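Residue-level structure breakdown
Next come the chains, spelled out residue by residue.
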Amino acid sequence: AQASPLAWRLFATEGVTSVFLAADFVTVSKSDEMDWVALKPQIFGAMMDFYASGEPVLSEESGSEELDSLVITDDDSEVVQMIKELLEMRIRPSVQEDGGDIVYRGFDDESGVVTLQMQGSCAGCPSSSVTLKAGIENMLRHYIPEVKEVRDIAADDEEMGFEVNMMDLVKTKPPKPRD
């Protein structure tokens, strides 16, 4: 949150538990005790005030930009390149439509396991496990025989609290209402 003044303002709202900033949307999650009816105006107000201030979404001290995990590199094997291409072209757009994103974490050649991390509204969403197994795993296995399974690394499993993924941040808009 310290790398993003916008995230800092949103976290100042009581009940906000996570903020996910992406290229063209912001996803805000709340604690179970809070009601969206009370939170929505506060979150919207904080966002409007922030944009009216003219502050950058990311502070100058945010450090180097994180490389998009789906960018194909020279070190990637042919299988990993195919996995990343399918994730980028066919899967990521659908996940982003729901206010989330997907991060490639690795592929084990021996076991055939692809490791991913769901982010934003997709992290912790009950239907994300169905999306992961029925959608992502089936598609990868269909096109890439070396893939045997897809596993999600929950953000809680890693030693990071709050993560802001700032790939190509250009503009943001309020998240779609979720009832």
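In what follows, the accompanying structure is described. Since we're looking at a predicted model, the values are computed, not measured. (Residues numbered from 1 in each chain as written. Predicted model: local features only at pLDDT ≥ 70, side-chain atom pairs only at ≥ 80, totals over all residues. Heavy atoms only, no water.)

1. Here's the deal with the sheet that holds strand β3 (residues 100-108)
Ordered in space as β3-β4-β5, the three strands form an open sheet in which the pairing is mixed. Single-partner strands in this sheet number two, and they are β3 and β5 (149-152). Within this sheet the neighbouring strands show an average axis-to-axis angle of 30 degrees, counted without direction. For strand β4 (residues 113-120) and β5, the ladder comprises four bridges, and the chain directions are parallel. Within the sheet, the bridge partner assigned to Val113 lies in β5 and is Glu149. Here helix α3 (residues 78-97) sits on the sheet in contact with β3 and β4, set at roughly 160 degrees to β3. (Pairing = 2+ DSSP bridges. Helix = DSSP H or I, 4+ residues; strand = E, 2+ residues; numbered from the N terminus. Axes fitted to C-alpha atoms, helices over the stretch in contact; angles between N-to-C directions. Contact = heavy atoms within 4.5 Å.)

2. Thoughts on the packing of aromatic side chains
Overall, the coordinates contain one aromatic pair when judged by the stated rule. Measuring from centroid to centroid gives 5.3 Å for Phe50 and Tyr51, while their planes differ by 80 degrees, and the two rings are edge-to-face. Under the relative-accessibility criterion, Phe50 is labelled buried at 0%. (Phe/Tyr/Trp six-rings, centres within 6.5 Å; stacked < 30°, edge-to-face > 60°. Buried < 20%, exposed > 50% of the residue type's maximum accessible area, 1.4 Å probe, protein only.)

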